[in-house]
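So you can see what is in the structure, the chains are spelled out below.
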Amino acid sequence: MSIIPVIEVRNVHKSFKTVQAVRGIDLTISSGQFVAILGPNGAGKTTLVEMIEGIQQPDLGDIFIMGKTWKGNEKHLRNLIGLSLQETHFIDKLNVWETLRLFASFFSLGKARCEEVINLIALGEKRKSWVVNLSGGQRQRLALGIALLNNPKILLLDEPTTGLDPNARREVWAILLKLKEQSDTSLILTTHYMEEAEQLCDYIVIIDHGKILKQGTISGLLGEIRDLPVKPVETRTITLDDLFISLTGRHLND
Amino acid sequence: MTERISNSQLFQLVMANVKELIREPGVLFWGIVFPILMSLGLGVAFTKKKDVVTSIAVIGQNHVMYQASDTASALLSFFLVNKAKFGHDKNGIITRKLRVPDDKLGATTFIFQSLSWKEAMVMLKRGNLNMVLDEKNGVVQYHFDPMNPDAQLTYLKLSKMLSSDGNVIRESNTEIHPLMVTGSRYIDFLVPGLIAMGVMMSCMWGVSYAIIERRSKKLLRRMVATPMKRSNFLVALIAVRIIMNFIEAGLLFLFAWLAFNITIQGNVAALFALFIAGNFAFAGISIFISSHTAKTEIGNGLINALSMPMMVLSGVFFSYHNFPEWSISTIQKFPLTMMADGMRSIMIEGAGFSEVMLPILILSATGFIFFISGMKIFRWH
Ligand SMILES: Nc1ncnc2c1ncn2[C@@H]1O[C@H](COP(=O)(O)OP(=O)(O)O)[C@@H](O)[C@H]1O
Ligand SMILES: [Mg+2]
């Protein structure tokens, strides 16, 4: 008996007026797997994850979440998924606790769960602070907390640490590493920081111009670099950026 | 039980909207303080004239000015009954002064001067006279420029005090009634208009702008990516607005009642129904105009493009009957006109359900139609 993958993306395409944002992507993710979608700005990361999240519809191709399509199963799937969008603003003049309570109510959850989450994201001391007065890192942690409220089977985070300083970034990573240890939640995370992908994820998908360039485990991908024509400098550790440069001639962060 | 209520989506959405509203200092100002200031400023400027002095010439009839006279003069008996003070002014002209007090509106002092027709004409041309009175065979004649609003007002005040056909009813006319009766003042006209305008503005900004802003911040998209019921989101937003509008209107009315003694002459339940219908109309329109755009600048433009013309044309501040005849039937179809006119007819003219049933139905239908069409094209993402 084969286990149904948590997420299955089959030959998905999506175009906007003049841009082909996603051009034929296939992807399979199994339970408990942490997957990074790594690619520069405009690669199609957001478009891809929003299609998986059921927020956008693909022009072509199929997406299955726990073996089910979005059509006809939205109510059921919404309860399984936790997500954070790229650059969401919450209500400025609600405080952290009120914001958690609001979103918890959408999942019919009460105070107890909000209490757990506020501790998990280490915002207990900021519970009475208005969202507008939070730092970038605190806001991202709040967004992450909201994504985790319903104990999701699948967590989708779109650039959860973009724009954060290294400390704030590590705080977000710590929460996710703890989650990885303690649950069988699957994670899809988009980023253009290869360090983030290396730290958190066991499987990495490199995309550019709406297509997958390479995918595999970190060791597998790094192993491939040795066979590539452009060799990294001896004194430095080999990174995914080196792989990206050798594939495209560009840096990831460009 | 309380736990179940406080955990419910609708409760949390309502509370979020309430908190957002009361934590916005602008809301308190624009929603409550501003309309009150406006009614105070305009009300005082156009309603409450402190101690207006009106000069009236009484032609060539020195004898009617004196106390001792046995002539059957309507004017004299009027002076006597009302105890108009006899005297001379600094030019030696015989005068009678009558002060009609009104604690809400300020007193009017009538100064009757005994003048010849010629003297009166000179003073009239200089603008020192509001009206000329003449008495022939006990019938008082009024001479004034019908285009001059001051003269009109003087005529209204005087002719009401003297009887309509010019004859004083001697015995019964022993007290003076304030002539600027409640209902005919500018403040009575203004307050219903301000309330209607408040509802329009509050819905447009509080519902339309709030939705567009949430869409532009991607909050709308984030919320519908949960099992939240979309209807709960809209119901909470609209319900909180209507409650807020009710409080704002109540406070404005309370203020106008305390400061200007304004009243509701007609059916209060009808007024309530009309108010709710107006709220429905503007909430529906607000959902419609916010149904698509994610750009707050476009939202701004749409709201202004709709609300500004209505504010000017619908007769909030002055009667739309000043506009050309051909435009009036169109103006009367605007929802703001319907609401303001209906509220005025109840508050000032004493109308009841039968008079405002049509506007109530039309406003409710307007709200319903715009709401349904708005939902058809509503973009949650
Ligand atoms: N709603 C949209 N309308 C038009 N173009 C879009 C839209 N969303 C994304 N795009 C375009 O699609 C491409 C991929 O965008 P996106 O998925 O946001 O990339 P990434 O998240 O990797 O930066 C970009 O060229 C972007 O400009
Ligand atoms: Mg993106």
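Analysis parameters
- Residues numbered from 1 in each chain as written.
- Chains lettered and ligands numbered in written order.
- Predicted model: local features only at pLDDT ≥ 70, side-chain atom pairs only at ≥ 80, totals over all residues.
- Heavy atoms only, no water.
- Helix = DSSP H or I, 4+ residues; strand = E, 2+ residues; numbered from the N terminus.
- Rg over C-alpha atoms; globule rule 2.2 N^0.38 Å.
- Buried < 20%, exposed > 50% of the residue type's maximum accessible area, 1.4 Å probe, protein only.
- Contact = heavy atoms within 4.5 Å.
- Areas by Shrake-Rupley, 256 points an atom, 1.4 Å probe, with all protein chains shown as cover.
- Buried area = accessible area lost by both parts, 1.4 Å probe.
- Salt bridge = Lys/Arg side-chain N within 4 Å of Asp/Glu carboxyl O.
- Polar contact = N/O pair within 3.5 Å; in protein donor to acceptor, adjacent residues only side chain to side chain.
- Nonpolar A, V, L, I, M, F, W, Y, C, P; charged D, E, K, R; others polar.
- Pairing = 2+ DSSP bridges.
- Axes fitted to C-alpha atoms, helices over the stretch in contact; angles between N-to-C directions.
- Patch = residues over 30% accessible without salt bridge, like charges linked within 9 Å, V, L, I, M, F, W, Y side chains within 5 Å.
- Near = heavy atom within 4 Å.
- Parallel < 35°, antiparallel > 145°, perpendicular 65-115°, else oblique.
- Donors = N, O, S within 2.8 Å, 3.2 Å for Na, K, Ca; no water.
- Phe/Tyr/Trp six-rings, centres within 6.5 Å; stacked < 30°, edge-to-face > 60°.
- Lys NZ or Arg CZ within 6 Å of the ring centre and 35° of its normal.
- pLDDT = per-residue confidence, 0-100.
- Expected span 1.5 Å × (residues − 1).

**Structural notes on the overall build of chain A**
And step 1. From N to C terminus, chain A includes 9 helices and 9 strands.
And step 2. Here the C-alpha atoms of chain A give a radius of gyration of 19 Å, agreeing with the 18 Å that 2.2 N^0.38 yields for 254 residues.
And step 3. If you line up chain A on its principal axes, its C-alpha atoms span 55 × 45 × 45 Å.
And step 4. Counting the 254 residues in chain A, one finds 54% classified as buried.
And step 5. Put simply, 65% of the contacts in chain A that link residues at least 6 apart link residues at least 24 apart.
And step 6. A total accessible area of about 11400 Å² is found for chain A, and carbon and sulfur atoms account for 50% of it.

**Some thoughts on the interface of chain B and chain A**
And step 1. Contacts between chain B and chain A engage 27 residues on the former and 31 residues on the latter.
And step 2. In terms of surface lost to chain A, no three residues of chain B exceed Arg23, Lys217 and Arg222 of chain B, which account for 26% of the buried area on that side.
And step 3. The tally of links between chain B and chain A comes to 5 salt bridges.
And step 4. For Asp92 of chain A, the salt bridge identified is with Lys217 of chain B, shortest N-O distance 3.9 Å.
And step 5. Viewed at the interface, chain A and chain B are joined by 12 residue pairs in polar contact (both at pLDDT 80 or more).
And step 6. Elements that contribute at least two residues to the side of chain B that touches chain A include exactly α1 (2-6), α2 (9-22) and α9 (219-224) of chain B.
And step 7. The element contributing the most residues to the side of chain B that touches chain A is α2 of chain B, with 6 residues.
And step 8. When the residues that make up the side of chain B that touches chain A are grouped by side-chain class, the tally is 9 nonpolar, 7 polar and 11 charged.

**Digging into the sheet that holds strand β9 (residues 211-216) of chain A**
Residue and element names in this part refer to chain A.
And step 1. Pairing is mixed in the open sheet, where 6 strands are placed in the order β5-β6-β7-β3-β8-β9. Looking at which strands have only one partner, the edges of the open sheet turn out to be β5 (81-84) and β9. Within this sheet the neighbouring strands show an average axis-to-axis angle of 15 degrees, counted without direction.
And step 2. Along the sheet, helix α5 (residues 136-148) makes contact with β5 and β6 (154-158), crossing β6 at roughly 155 degrees.

**Things to note about a nonpolar patch on the surface**
And step 1. Together, Leu28, Phe29, Trp30, Val33, Leu37, Leu40 and Val44 of chain B make up an exposed nonpolar region whose accessible area comes to about 630 Å².
And step 2. Following the sequence through the fold, Val33 of chain B ends up in helix α3 (residues 25-46).

**Details of the sheet that holds strand β4 (residues 60-65) of chain A**
All names here are of chain A.
And step 1. In space, the 3 strands of this open sheet follow the order β2-β1-β4, with antiparallel pairing throughout. Where the open sheet ends on each side, the last strands, each with one partner, are β2 (20-29) and β4. Strand after strand, the sheet turns through a mean of 20 degrees between neighbouring axes, direction not considered.
And step 2. Note that strand β1 (residues 7-15) and β4 share 5 bridges and pair antiparallel. Bridging from a neighbouring strand, Glu8 pairs with Phe64 of β4.
And step 3. Contacts from helix α1 (residues 45-52) reach β1, β2 and β4, with the element oriented near 125 degrees to β1.

**Some points on the site of ligand 1**
All names here are of chain A.
And step 1. Residues in close proximity to ligand 1 include Phe16, Val19, Ala21, Pro40, Asn41, Gly42, Ala43, Gly44, Lys45, Thr46 and Thr47, which together make up its full environment.
And step 2. For ligand 1, an oxygen atom lies 3.1 Å from a polar atom in the backbone of Ala43.
And step 3. Within the backbone of Lys45, one N or O atom sits 2.9 Å away from an oxygen atom of ligand 1.
And step 4. With 3 residues, α1 is the single largest residue contributor to the shell around ligand 1.
And step 5. Looking at the shell around ligand 1 residue by residue, the class counts come to 5 nonpolar, 5 polar and 1 charged.

**Section: the packing of helix α8 (residues 186-216) of chain B against helix α12 (residues 296-313) of chain B**
Residues and elements named next belong to chain B.
And step 1. It is the contact of α8 with α12, at a shortest axis distance of 9 Å, that shows an interaxial angle of 170 degrees. Classified by the angle their axes make, α8 and α12 are roughly antiparallel. Taking contact as the criterion, the partners of Met197, Met200, Met201, Met204, Trp205, Ser208, Tyr209, Ile212, Glu213 and Ser216 in α8 are, on α12, Thr296, Gly299, Asn300, Ile303, Asn304, Leu306, Ser307, Met310 and Met311.
And step 2. Here the residues of the contact of α8 with α12 sort into 11 nonpolar, 7 polar and 1 charged.

**What about helix α5 (residues 74-81) of chain B?**
It helps to recall that an α-helix has 3.6 residues per turn; residues three or four apart then point in one direction.
Residue and element names in this part refer to chain B.
And step 1. By the criterion of burial, α5 is predominantly enclosed, with 6 of the 8 residues buried.
And step 2. All of the buried residues in α5 are Ala74, Leu75, Leu76, Ser77, Phe78 and Phe79.
And step 3. Where α5 terminates, the next one or two residues include Lys83, which has phi positive at roughly 55 degrees.

**Observations regarding the pairing of β2 of chain A**
Residues and elements named next belong to chain A.
And step 1. As paired strands, β1 and β2 are joined by 7 bridges and run antiparallel to one another. Its bridge partner lying in β2, Glu8 is registered against Thr28.
And step 2. Counting the residues that bridge the hairpin from β1 to β2 gives 4 residues.

**Thoughts on the coordination of the magnesium ion (ligand 2)**
Residues and elements named next belong to chain A.
And step 1. Looking at the magnesium ion (ligand 2), the protein donor atoms are Thr46 (OG1) and Gln86 (OE1), and they sit 1.9 to 2.1 Å from it. With Thr46 in helix α1 and Gln86 in the loop between β5 and α3 (96-106), the pair connects residues that are 40 residues apart, well separated along the chain.
And step 2. On the basis of relative accessible area, Gln86 is assigned to the buried category, the value being 19%.

**Re the side chain of Lys217 of chain B**
And step 1. Tracing the backbone through its elements, the reader meets Lys217 of chain B in the loop between α8 and α9.
And step 2. Lys217 of chain B gets classed as buried once you look at its relative accessible area, which sits at 15%.
And step 3. If we ignore the near neighbours within four places in the chain, the residues touching Lys217 of chain B are Glu87, Thr88, His89, Phe90, Ile91 and Asp92 of chain A.

**Some points on the packing of aromatic side chains**
And step 1. Counting across every chain of the model gives 14 aromatic pairs over all chains.
And step 2. A ring pair is formed by Phe288 of chain B and Phe370 of chain B, whose centres lie 5.3 Å apart and whose planes are at 75 degrees; its orientation type is edge-to-face. Of this pair, Phe288 of chain B sits in helix α11 (residues 268-289) while Phe370 of chain B sits in helix α15 (residues 353-376), placing them 82 residues apart in sequence.
And step 3. Residue Phe288 of chain B is classed as partly exposed on the basis of its relative accessible area of 30%.
And step 4. What links up through ring pairs into an aromatic cluster is the set Phe90, Phe103 and Phe106 of chain A.
And step 5. One residue, Arg169 of chain A, lies across the ring of Tyr193 of chain A, its end atom 3.9 Å from the ring centre.
And step 6. Over the aromatic face of Phe189 of chain B sits the side chain of Arg344 of chain B, whose NZ or CZ is 3.7 Å from the ring centroid.

**Thoughts on the environment of Ala281 of chain B**
All names here are of chain B.
And step 1. One can find Ala281 in helix α11.
And step 2. Taking the relative accessible area as the measure of exposure, Ala281 reaches 0% and is therefore buried.
And step 3. Along the primary structure Ala281 and Ser364 are separated by 83 residues, whereas in three dimensions their C-alpha atoms are 5.7 Å apart.
And step 4. Contact partners of Ala281, with chain neighbours within four places excluded, come to Leu363, Thr366 and Gly367.

**Here we look at the confidence of the model for chain A**
And step 1. Residues of chain A with pLDDT of at least 70 account for 93%, and the chain-wide mean is 90.
And step 2. Mean pLDDT values over the elements of chain A span from 76, in helix α9 (residues 240-248) of chain A, up to 98, in α3 of chain A.

**Structural notes on α15 of chain B**
All names here are of chain B.
And step 1. Taking 1.5 Å per residue as the helical rise, α15 with its 24 residues ought to reach 34 Å, and the 33 Å between its terminal C-alpha atoms agrees with that figure.
And step 2. Every buried residue of α15 is listed here: Val356, Pro359, Ile360, Leu363, Thr366, Gly367 and Gly374.
And step 3. Buried residues along α15 sit against α11 and α14 (335-347).

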